[in-house]
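Structural characterization, general
Spelled out, the chains give:
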Amino acid sequence: MKPEIKNELDEKANGCRIGLLAITGVSNQKTSEALEKTKSLLEGAVREKYAQMERQELRSTHPMSVYVSYYKKFGYTYHVLQQIESVAKGKKSMNVSGLVDSMFMAEMKNMILTAGHDLAKISGAVSLKVASGEETYVCMNGREVKTVPGDIMITDGESVISSILRGPDGRTSIDEKTEQALYTIYAPAGIDEKEIISHMDDIESYVRLFSPGASVALKTVI
């Protein structure tokens, strides 16, 4: 399944780009020896690189600094910063499922914000938009939230499926039955297309560790 994409971003998006990666034919395993081994090596690399860094130094690295600046503009803190700090201090990253862990691993490696969705749960076309602040949707924790005016969001035919500041919805979330996933990559101005593509390549490579028969239905940057 290849989703229909509608780009409704305008000058209000301030140069933000969106990467879209659709992977089909997946067996979403709970655990995988190959994926766990790669995750462990990645966690080790994160500790070696960042364990001795002060928070301000980590905040200033690229592309972390791009997200920190974007979130700060709206009065928020970039959550991936805390995730990387936690792993750098010795905590293991989360273990949810192959599709979800692949996304978190790529975020940990590249610092690039990503949301994951079950493609079969998406209704109609996927639209890229600037939020008005009036849109509401239910997050993964079951709480209804309003979008933040000027934030970047993605919707389908029913409602918002994710936004930068509020995160992904619960309706289209990946679960153990997911066989096709859509990863949406949010890249504010300052992150180039090559970085986004490399990030998507990493997600794809991690998915193939536990589901080698998976196919890429869509990989694009808008």
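Small disclaimer: the values here were computed from a predicted structure and weren't measured. (Residues numbered from 1 in each chain as written. Predicted model: local features only at pLDDT ≥ 70, side-chain atom pairs only at ≥ 80, totals over all residues. Heavy atoms only, no water.)

**Let's talk about the sheet that holds strand S7 (residues 152-155)**
Strand order in the open sheet formed by five strands is S1-S4-S7-S8-S9, and the pairing between neighbours is mixed. Each edge of the sheet is formed by a strand with only one pairing partner; in this case those strands are strand S1 (5-7) and strand S9 (167-168). (Pairing = 2+ DSSP bridges. Helix = DSSP H or I, 4+ residues; strand = E, 2+ residues; numbered from the N terminus.)

**As for the side chain of Asn110**
Along the chain, Asn110 falls in helix H5 (residues 98-110). With relative accessibility at 15%, the residue Asn110 sits in the buried group. Of note is the side chain of Asn110, whose polar atom sits 3.0 Å from the side chain of Asp202. Other than its neighbours up to four places away in sequence, Asn110 contacts Pro63, His199 and Asp202. (Buried < 20%, exposed > 50% of the residue type's maximum accessible area, 1.4 Å probe, protein only. Polar contact = N/O pair within 3.5 Å; in protein donor to acceptor, adjacent residues only side chain to side chain. Contact = heavy atoms within 4.5 Å.)

**Remarks on the packing of aromatic side chains**
Aromatic rings considered in pairs are described by the distance between their centres and by the relative angle of their planes. Inspection of the entire model under this criterion finds four aromatic pairs. Their ring planes at 65° and their centres at 6.3 Å tell us that Tyr70 and Tyr71 sit as a pair that is edge-to-face. The pair Tyr70 / Tyr71 is uniform in exposure class, with both members buried. Judged by relative accessible area, which is 9%, Tyr70 ranks as buried. Three or more aromatic residues joined by ring pairs form one cluster here, namely Tyr67, Tyr70, Tyr71, Phe74 and Tyr78. (Phe/Tyr/Trp six-rings, centres within 6.5 Å; stacked < 30°, edge-to-face > 60°.)

**With respect to H5**
Here H5 spans 18 Å end to end across 13 residues, near enough to the 18 Å set by a 1.5 Å rise per residue. Where burial is concerned, most of H5 is hidden: eleven out of the 13 residues are buried. Taken together, the buried residues of H5 touch helix H1 (33-50), helix H4 (79-88), strand S3 (113-118), strand S10 (181-187) and helix H6 (193-210). Looking at the residues trailing H5, positive phi occurs at Met111, about 65°. (Expected span 1.5 Å × (residues − 1).)

**Quick word on the side chain of Asp156**
In this fold, Asp156 is placed in the loop between S7 and strand S8 (160-163). Asp156 sits in the buried class, given a relative accessible area of 8%. A distance of 2.8 Å separates the side chain of Asp156 from the backbone nitrogen of Glu158, its partner in a polar contact. In contact with Asp156, other than residues within four places in its own chain, are Lys121, Ile122, Ser123, Ala125, Ile161, Arg171 and Thr172.

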